[in-house]
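Overview (structure and organization)
One letter stands for each residue in the lines below.
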Amino acid sequence: VEGPVGLLRVRARAWVLAVGRPEGACAFQGHDLPAILGAEAAARLLAHGIVPGERVVLAGDLEARGGELTALAHALEGHGAQVSGPHPLAQVLRADGRNQVSSITLERYGARTRVPCDAVILAPRTSATYELAVQAGARTELREGVFEISHAPGERSVWIVGAAAGTPSVLDAIADAERAADEG
């Protein structure tokens, strides 16, 4: 921090980190075509009245994010979009198109199905952004293929709040941060 006599070193008693849980990448042929986007991006577009497509395919980690995808499907249908899915992400084989996605190929029960579409919304499992938390003294654990952040036993100098701590609601994250400030 710059002070009146130069730089000052400041040491915090505790850190409150809200580092987030970004959506992971999905690897299949054609995954980088325009109009293939994440569920969070699609939800933000809808919140501003922008429908990402007229014929939309939804796919993702149904165990972790199935409820979110189902709600997104209802919202898209409410805006007039035709929706296919949500489908398990593991069923997505490829996306095809020239200037943007025009179809997606799914494999279900050994049979391949080509689904015409003008948008694909993906919701892979999310993983906590852990790098800063680890540098500040938190621990990470690999659980079910994603990183989770946890406190070291008895550690109270690093508080993880928000989505990285499993609290997706902004209001709950603020309450967690206030509790950390009171206890820290």
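Summarised in this report is the structure supplied together with it. (Residues numbered from 1 in each chain as written. Predicted model: local features only at pLDDT ≥ 70, side-chain atom pairs only at ≥ 80, totals over all residues. Heavy atoms only, no water.)

Note that Gly49 resides in the loop between α1 (39–47) and β5 (55–60). When its relative accessible area of 52% is taken as the criterion, Gly49 is described as exposed. Along the backbone, Gly49 and His79 are 30 residues apart, and their C-alpha atoms lie at a distance of 8.6 Å. (Helix = DSSP H or I, 4+ residues; strand = E, 2+ residues; numbered from the N terminus. Buried < 20%, exposed > 50% of the residue type's maximum accessible area, 1.4 Å probe, protein only.)

The subject of this paragraph is the sheet that holds strand β6 (residues 82–88). Strand pairing in a sheet relies on backbone hydrogen bonds. The paired strands run either parallel or antiparallel. Ordered by their spatial adjacency, 4 strands build an open sheet running β4-β10-β5-β6, and the pairing between neighbours is parallel. Of all the strands in the sheet, the pair left with one neighbour each is β4 (36–38) and β6. Across the sheet, the axes of successive neighbouring strands diverge by a mean angle of 20°, strand direction being ignored. Alignment of β5 against strand β10 (residues 119–123), held across 5 bridges, turns out to be parallel. Considered in β10, the bridge of Val56 is made with Ala119. Those strands touched by α1 are β4 and β10, and its axis lies near 90° from that of β4. (Pairing = 2+ DSSP bridges. Axes fitted to C-alpha atoms, helices over the stretch in contact; angles between N-to-C directions. Contact = heavy atoms within 4.5 Å.)

Another aspect to go through is the pattern of salt bridges. Scanning all chains against the criterion turns up 4 salt bridges. One salt bridge connects Asp61 with Arg125, and the closest N-O pair in it is separated by 2.9 Å. Placement of Asp61 in the loop between β5 and α2 (62–78) and of Arg125 in the loop between β10 and α3 (131–135) is noted, with a sequence separation of 64 residues between them. Residue class for Asp61 comes out buried when judged on its relative accessible area of 16%. A relative accessible area of 24% places Arg125 in the partly exposed class. A single network of salt bridges, built from pairs that share partners, joins Glu23, Arg65 and Glu68. (Salt bridge = Lys/Arg side-chain N within 4 Å of Asp/Glu carboxyl O.)

Turning our attention to a nonpolar patch on the surface. Taken together, the side chains of Val5, Leu8 and Val10 make up a nonpolar region of the molecular surface, amounting to roughly 330 Å² of accessible area. Along the chain, the position of Leu8 falls in the loop between β2 (6–7) and β3 (15–17). (Patch = residues over 30% accessible without salt bridge, like charges linked within 9 Å, V, L, I, M, F, W, Y side chains within 5 Å. Areas by Shrake-Rupley, 256 points an atom, 1.4 Å probe, with all protein chains shown as cover.)

What follows deals with the nonpolar core. Ile36, Val101, Ile104, Val120 and Leu122 are the most contacted members of the largest nonpolar core, which totals 15 residues. The contacts of Leu122, once residues within four sequence positions are left out, are Glu23, Cys26, Phe28, Ile36, Leu37, Gly38, Ala39, Ala59 and Leu89. Membership of the second largest hydrophobic core comes to 14 residues, among which are Leu37, Ala42, Val56 and Leu72. (Core = buried A, V, L, I, M, F, W, Y, C linked by side-chain atoms within 4.5 Å.)

Let us now look at unusual backbone geometry. For the bond running from Gly85 to Pro86, omega is 15°, close enough to zero to count as cis. The topology assignment puts Pro86 in strand β6. Of note, the phi angle at Ala35 is positive, near 80°, even though the residue is not glycine. Inspection of the secondary structure assignment puts Ala35 in the loop between β3 and β4. Unlike most non-glycine residues, Tyr109 shows phi in positive territory, near 55°. Tracing the backbone shows Tyr109 in the loop between β8 (103–108) and β9 (111–116). Accessibility expressed as a relative area gives 86% for Tyr109, which makes it exposed.

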